[in-house]
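In case you want the letters, here they are:
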Amino acid sequence: MKVGIIGLGDRIASLAPRFVDAHPGLTFTAVADPFETRLHVLKDLGSDPVRYDRAEDMLAAHRFDLLIIGSPNHLHLDHLGQALQSDVPFIFAEKPLVISVDETLKLAQLISCHDGLRRIMVGMVLRYSPLYRALRQAQSDGHLGDIMSIEASEHIGPYHGSFFMRDWRRNRDMSGGFMLEKCCHDLDLYQGVVGARPQKVASFGGRKKYLPKHRPDGATYLQDKLPRWNGCEDAFSGDGDLIDYQTALVQYENGATMSFHTNLNVPDEFRRFAVIGRDGMAEGDFIRNSFRVTLSDDGSMPLDLPNVVESSDGHVGHYGADAAMVQDLMAYIAGDLPDLPLNCIDALEAGVTALAMDDAMNQGQVIDLTATWQAFDTALNTQRNVA
C-alpha cells in the first residue's frame with residue numbers, strides 16, 4: 001500500500017506506527033510539508049519518502065492508495081479539494097475538516113460531486129474508543145431509552161491549556177476556535193447518541209487565565225508541551241483570540257438537550273458525560289476510565305465498570321482509540337468492513353455545532369440552525385441538482 005501525507009505534524013507522526021502495525025506492507029512514499037521536522041519518524045518505520053513543499057506537486061508526481069491530510073486546519077479545504085479531484089481512492093483527514101460554515105458548504109459540494117462520502121475518512125478518534133462503544137452498546141441494549149438530556153465536559157490541565165495558547169491554534173483564523181479544534185470530538189459523540197442535529201444553540205465564555213496580568217511565577221509545568229509551527233513561547237502573552245473557558249446549551253431537533261462545558265485550566269482533568277434517557281442513565285469518564293449504567297425505575301445497575309480498559313497500555317492513544325481507529329480504517333479500505341463508526345457528514349455536522357456555539361457566544365444570542373441545515377442539505381445534493 002502506497003501512502004502520501006500532506007502535513008506531517010505531531011498527530012500524523014504519532015499515528016504512522018499504527019498504520020504500519022495494521023498493514024505491514026504499507027509504505028510512506030511521499031510527504032508534502034515545507035519542513036523536514038518529523039521525516040525521521042517515517043524513515044525509522046522503513047520508508048524513505050520524497051518530500052515536497054507543495055501538495056499539488058506531490059499529487060501530480062505520485063499515485064497513492066491512501067492519502068493522509070494532517071495540515072493545519074485552515075488549509076484543510078484546499079487540500080481536501082485537491083485530493084477529491086485526484087484519483088486517490090481513499091483519504092484520511094484529521095479533524096476538523098474545515099473551519100467555517102462557508103467552507104462546510106463548499107466541502108459538502110465537493111463531497112457530492114466526487115464520491116466523498118465513500119472516500120473520506122475522518123480522525124474523529126473518540127468514536128472508536130472502548131468507552132464510547134460501551135455507551136452505544138448500552139443504548140442499543142435498551143438501557144437508556146429515548147434520550148432526554150446530556151451533561152458533558154472536556155477539561156484540560158494548565159500544561160495542555162498553555163500549549164494551545166502558544167501553538168498556532170491560538171488564532172481562530174487558523175484553528176477555527178477551541179470548541180471546533182478540541183471539542184468537536186465530544187460534540188460528535190453526543191450527536192451520535194442523540195441521533196439528531198442541533199436546532200438551537202446558546203453559549204457563554206471568554207478568557208480569564210491566560211493573560212499577561214495572570215502570568216504565574218515558576219510554573220514550569222506550563223512548558224511541558226512545546227509549541228510547534230507558528231508558535232510563541234509565552235502562554236500569557238495575550239496573543240491570539242482563543243477562549244480558555246466556555247459553556248454551551250444545545251437543543252436538538254428531536255427535543256433532547258445538552259449542556260457542554262470546556263475549560264483549559266483544570267488541575268485535575270476529567271472528560272465525562274451523563275447521558276440521561278427515559279429508561280436509564282449512563283455515566284462515563286474517558287480520562288478516569290470508568291462507566292456505569294443505572295436504570296430509572298428500580299435503581300439497578302446492569303453495568304458498573306471501574307476500568308473500561310483493563311490495562312494501562314490499552315488506555316494510551318486517546319483512551320485506546322488510536323489503535324482501534326487505524327485497524328478499522330485498514331479494514332474499510334480492504335473492503336472487510338462495510339461502514340465506519342462515522343462518516344464525513346457526521347464530522348461536518350459536529351463542526352457546524354461547534355461554530356454555532358462560538359457564534360452564539362460572540363453575538364450574545366441564541367443561534368437557530370434551521371437555515372444552515374437547509375443550505376447544507378442543498379450543498380450535499382449538488383450533483384443531483386445539477387443533473
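Let us look at the structure shown here. Only a predicted model underlies this, so the values are computations on that prediction, with no experimental measurement involved.

Remarks on the pattern of salt bridges
Step number 1: Taken as a whole and judged by the stated rule, the model has 27 salt bridges.
Step number 2: Asp87 is the partner of Arg63 in a salt bridge, and the nearest nitrogen-oxygen pair spans 2.4 Å. Separated by 24 residues along the polypeptide, Arg63 in the loop between α3 (55-61) and β4 (66-69) and Asp87 in the loop between α4 (76-84) and β5 (91-93) bring together distant segments of the chain.
Step number 3: Overall, the relative accessible area of 65% leaves Arg63 in the exposed class.
Step number 4: When the shortest N-O distance is used, the salt bridge between Lys182 and Glu154 registers 2.3 Å. One end of the pair, Lys182, is in the loop between α10 (178-181) and α11 (184-194); the other, Glu154, is in strand β7 (residues 147-155), with 28 residues separating them in the sequence. Pair check on accessibility: Lys182 and Glu154 agree, each one buried.
Step number 5: Through salt bridges with shared partners, a single network forms among Lys95, Asp167, Arg169 and Glu181.

Thoughts on the pairing of strand β10 (residues 257-263)
Step number 1: By the bridge criterion, seven bridges tie β7 to β10 in an arrangement that is parallel. Paired with Glu154 across the strands is Thr262, a residue of β10.
Step number 2: Looking at chain direction, strand β9 (residues 245-252) and β10 are connected through seven bridges and run antiparallel. Counterpart to Val250 in the pairing with β10 is Met258.
Step number 3: The turn joining β9 and β10, which pair antiparallel and follow one another in sequence, is formed by four residues; a positive phi near 95° is taken by Gly255.

Points about the environment of Asn289
Step number 1: Mapping Asn289 onto the fold places it in the loop between β12 (280-285) and β13 (290-295).
Step number 2: Judged by its relative accessible area of 10%, Asn289 is buried.
Step number 3: The sequence separation of Asn289 and Tyr319 amounts to 30 residues, and the corresponding C-alpha distance is 7.8 Å.
Step number 4: Apart from the residues within four sequence positions on either side, Asn289 is in contact with Leu305, Pro306, Asn307, Val308, Val309 and His315.

Section: the sheet that holds strand β14 (residues 303-305)
In sheet architecture, strand pairing relies on hydrogen bonds along the backbone and comes in two forms, parallel and antiparallel.
Step number 1: With respect to topology, nine strands assemble into an open sheet ordered β14-β13-β12-β11-β7-β10-β9-β8-β15, the strand pairing being mixed. Every other strand in the sheet has two partners, leaving β14 and β15 (367-368) as the edge strands with one partner each.
Step number 2: Strands β7, β8 (198-206), β9, β10 and β11 (272-277) of the sheet are contacted by α11, whose axis makes an angle of about 165° with β7.
Step number 3: Those strands touched by helix α13 (residues 344-363) are β8, β9, β10 and β15, and its axis lies near 55° from that of β8.

A short note on helix α12 (residues 316-334)
Side chains three or four residues apart in an α-helix point the same way, a direct result of the helix having 3.6 residues per turn.
Step number 1: In a regular helix each residue adds 1.5 Å, so 19 residues correspond to 27 Å; α12 covers 26 Å between its end C-alpha atoms and thus fits that length.
Step number 2: Roughly 35° is the biggest bend found in α12, and it falls at Asp322.
Step number 3: Taken together, the buried positions of α12 are Tyr319, Gly320, Ala321, Asp322, Ala324, Met325, Val326, Asp328, Leu329, Met330, Tyr332 and Ile333.
Step number 4: Against α1 (10-22), β4, β5, α6 (116-119), β6 (120-122) and α7 (130-140) lie the buried residues of α12.
Step number 5: Of the residues trailing α12, Gly335 is marked for its positive phi of about 85°.

The rules behind these values
- Residues numbered from 1 in each chain as written.
- Predicted model: local features only at pLDDT ≥ 70, side-chain atom pairs only at ≥ 80, totals over all residues.
- Heavy atoms only, no water.
- Salt bridge = Lys/Arg side-chain N within 4 Å of Asp/Glu carboxyl O.
- Helix = DSSP H or I, 4+ residues; strand = E, 2+ residues; numbered from the N terminus.
- Buried < 20%, exposed > 50% of the residue type's maximum accessible area, 1.4 Å probe, protein only.
- Pairing = 2+ DSSP bridges.
- Contact = heavy atoms within 4.5 Å.
- Axes fitted to C-alpha atoms, helices over the stretch in contact; angles between N-to-C directions.
- Expected span 1.5 Å × (residues − 1).
- Bend = angle between axes of the 7 residues up to and from the residue.

Note that every value here comes from positions in space, so none of it alone points to a role or purpose.
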